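# Overview (structure and organization)
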Amino acid sequence: MSANASKPLIETRNLVKKFGSFTALNGVSLKVYSGEVHALLGDNGAGKSTLIKILSGVFPPTSGEIAVEGEVVSFASPRNATEAGIGTVYQDLALNPLTSVTRNFFLGRELTRFKSPFGLLKMGEMHQIAMQEMKKIGITISDPEQAVGTMSGGQRQTLAIARAIYFGAKVLILDEPTSALGQKQQMEVLKTIRRVQKLGNIAIILITHNEIHARLIADRFTFLSLGEVIGEGTSKDLEGDDIKRLMAGGAKIGDLAKELAI
Ligand SMILES: Nc1ncnc2c1ncn2[C@@H]1O[C@H](COP(=O)(O)OP(=O)(O)OP(=O)(O)O)[C@@H](O)[C@H]1O
Ligand SMILES: [Mg+2]
């Protein structure tokens with residue numbers, strides 16, 4: 001747990017998002033602190049992706065506020081959100097499998113010797129930075145010219161996370177980072193997340209359907225159901241049963257059993 005847990009790095013206040021007459025988020029407030037993993041949990045359709053898209057500038061909220069380090073911000077585009085220090089790693093990772101680790105790491109932000117986009121690339125320096133940044137959070141790449149398509153799923157996740165951090169993410173949003181991976185690679189990604197957590201200056205929002213992963217790694221939980229927060233707390237506040245129940249949208253196991261009785 002971080003020492004500066006008193007002031008959230010990012011906070012949402014009463015966010016509402018309507019799509020036409022449908023309310024996808026109905027007053028969502030949450031606080032995310034640096035050095036913490038904040039698990040955002042909830043069933044399909046709960047509003048997790050909608051919330052993330054608002055935080056990452058994909059679309060604006062209908063009402064409500066976002067504050068970064070206490071300052072209210074509004075994003076006209078994903079670029080604005082990135083500039084404010086919000087780095088989102090989407091499930092598809094936005095990587096090009098055919099080009100090298102280093103090329104993917106810099107992607108459009110290459111270091112050049114001259115100020116033109118066609119200036120000579122400082123390839124050696126770029127290789128070094130890419131390798132060093134990935135090593136900080138857990139993977140050692142022997143060949144930075146290796147095509148990303150030849151990396152494991154876990155390594156790719158780490159590359160995308162290292163890239164977001166290097167380019168200034170203070171808030172790292174991870175959308176189901178383990179869902180498409182096998183057991184071993186899932187653990188690799190959890191270790192990466194733990195290393196970022198330990199850096200201490202980054203706030204992580206982790207969206208997952210995996211209760212075990214959430215319990216293993218999260219410091220704080222917010223449970224969404226049909227656009228509303230139905231529970232929240234720290235890992236100390238919540239018992240395993242609470243987590244299970246809240247993940248199922250707040251239903252009691254007995255009620256679910258009844259529902260099954262056809
Ligand atoms: N662009 C849109 N237009 C209309 N309705 C939308 C739009 N985006 C999301 N919704 C609706 O908002 C609700 C919340 O969707 P959202 O994708 O945020 O859920 P989620 O929690 O991410 O679910 P999942 O776990 O399946 O990814 C859903 O009922 C969805 O159909
Ligand atoms: Mg979603």
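Below is a summary of the structure that appears in this document. Given the structure is predicted, the values throughout are model-derived calculations rather than measurements.

### Some points on the overall build of the protein
Broken down by element type, the protein carries 9 helices and 10 strands. For 262 residues, the compact-globule formula gives about 18 Å, and the C-alpha radius of gyration of the protein, at 19 Å, lands near that figure. A buried classification covers 47% of the 262 residues belonging to the protein. Restricting the contact set of the protein to residue pairs at least 6 apart, pairs at least 24 apart contribute 66%. Carbon together with sulfur atoms contributes 52% to the accessible area of the protein, which is approximately 13,200 Å² in total. Here the protein contributes 30 positively and 26 negatively charged side chains, and the mean placements of these two sets differ by 5 Å.

### Some points on the sheet that holds strand S7 (residues 171–175)
Backbone hydrogen bonds hold the strands of a sheet together, and the pairing may be parallel or antiparallel. Strand order in the open sheet formed by 6 strands is S6-S7-S8-S3-S9-S10, and the pairing between neighbours is mixed. Both outer strands of the open sheet, strand S6 (86–89) and strand S10 (228–234), are each paired with one neighbouring strand and no more. Neighbour-to-neighbour, the strand axes of the sheet open up by a mean angle of 15°, direction not taken into account. Sheet topology note: the S7/strand S8 (residues 203–207) ladder contains 5 bridges and is parallel. When the sheet's bridge partners are listed, leucine 174 is paired in S8 with leucine 206. Here helix H1 (residues 48–55) sits on the sheet and contacts strand S3 (37–42), S6, S7, S8 and strand S9 (220–225); the angle it forms with S3, its principal contact strand, is near 135°. On top of the sheet, helix H5 (residues 153–166) reaches S6 and S7; it is set at about 165° to S6, its chief contact.

### Quick word on the environment of arginine 156
Note on placement: arginine 156 falls in helix H5. In this structure, the C-alpha to C-alpha distance between arginine 156 and leucine 95, residues 61 residues apart in sequence, is 8.1 Å. Once you skip the residues sitting within four places of it in the chain, arginine 156 turns out to touch Leu93, Leu95, Val148, Gly149 and Met151. A polar contact is formed between the side chain of arginine 156 and the backbone oxygen of methionine 151, at a distance of 3.1 Å.

### Quick look at the site of ligand 1
With respect to spatial proximity, the complete set of residues near ligand 1 consists of Phe19, Phe22, Ala24, Asp43, Asn44, Gly45, Ala46, Gly47, Lys48, Ser49, Thr50 and His209. Taking glycine 47, its main chain carries an N or O atom lying 2.9 Å from an oxygen atom of ligand 1. Within the complex, the protein chains bury 59% of what would otherwise be the 630 Å² of accessible surface of ligand 1.

### A closer look at unusual backbone geometry
One non-glycine residue, glutamate 69, adopts positive backbone phi at about 45°. Mapped onto the secondary structure, glutamate 69 falls in the loop between strand S4 (63–68) and strand S5 (71–73).

### A look at the pairing of strand S1 (residues 10–19)
In terms of strand pairing, S1 meets strand S2 (residues 22–32) through 8 bridges, oriented antiparallel. The residue of S2 that forms the bridge with leucine 15 is valine 28. Between S1 and S2, which pair antiparallel one after the other, the connecting turn spans 2 residues, and glycine 20 there sits at a positive phi close to 60°. As paired strands, S1 and S4 are joined by 5 bridges and run antiparallel to one another. The partner of threonine 12 across the bridge, within S4, is isoleucine 66.

### Some points on the sheet that holds S2
Sheet architecture is open: 4 strands sit in the order S2-S1-S4-S5, paired in antiparallel fashion. Where the open sheet ends on each side, the last strands, each with one partner, are S2 and S5. Across the sheet, the axes of successive neighbouring strands diverge by a mean angle of 30°, strand direction being ignored. Sitting on the sheet, H1 is in contact with S1, S2 and S4, with an inclination near 115° to S1.

### A look at a nonpolar patch on the surface
A cluster of nonpolar side chains, Met187, Ile212 and Leu216, forms an exposed patch at the surface whose accessible area comes to about 300 Å². Position of isoleucine 212 among the secondary structure elements: in helix H7 (residues 211–217).

### Describing the pattern of salt bridges
Applying the stated rule across the entire model yields 6 salt bridges. Across the pair arginine 220 and glutamate 36 runs a salt bridge, and its minimum N-O distance is 2.8 Å. Placement of the pair is arginine 220 in strand S9 and glutamate 36 in the loop between S2 and S3, with a sequence separation of 184 residues. Both residues of the pair, arginine 220 and glutamate 36, count as buried.

Criteria and cut-off values
Residues numbered from 1 in each chain as written. Chains lettered and ligands numbered in written order. Predicted model: local features only at pLDDT ≥ 70, side-chain atom pairs only at ≥ 80, totals over all residues. Heavy atoms only, no water. Helix = DSSP H or I, 4+ residues; strand = E, 2+ residues; numbered from the N terminus. Rg over C-alpha atoms; globule rule 2.2 N^0.38 Å. Buried < 20%, exposed > 50% of the residue type's maximum accessible area, 1.4 Å probe, protein only. Contact = heavy atoms within 4.5 Å. Areas by Shrake-Rupley, 256 points an atom, 1.4 Å probe, with all protein chains shown as cover. Lys, Arg positive; Asp, Glu negative; His and termini not counted. Charge placed at Lys NZ, Arg CZ, Asp CG, Glu CD. Pairing = 2+ DSSP bridges. Axes fitted to C-alpha atoms, helices over the stretch in contact; angles between N-to-C directions. Polar contact = N/O pair within 3.5 Å; in protein donor to acceptor, adjacent residues only side chain to side chain. Near = heavy atom within 4 Å. Patch = residues over 30% accessible without salt bridge, like charges linked within 9 Å, V, L, I, M, F, W, Y side chains within 5 Å. Salt bridge = Lys/Arg side-chain N within 4 Å of Asp/Glu carboxyl O.

As far as function goes, none of this settles anything; it's purely spatial.
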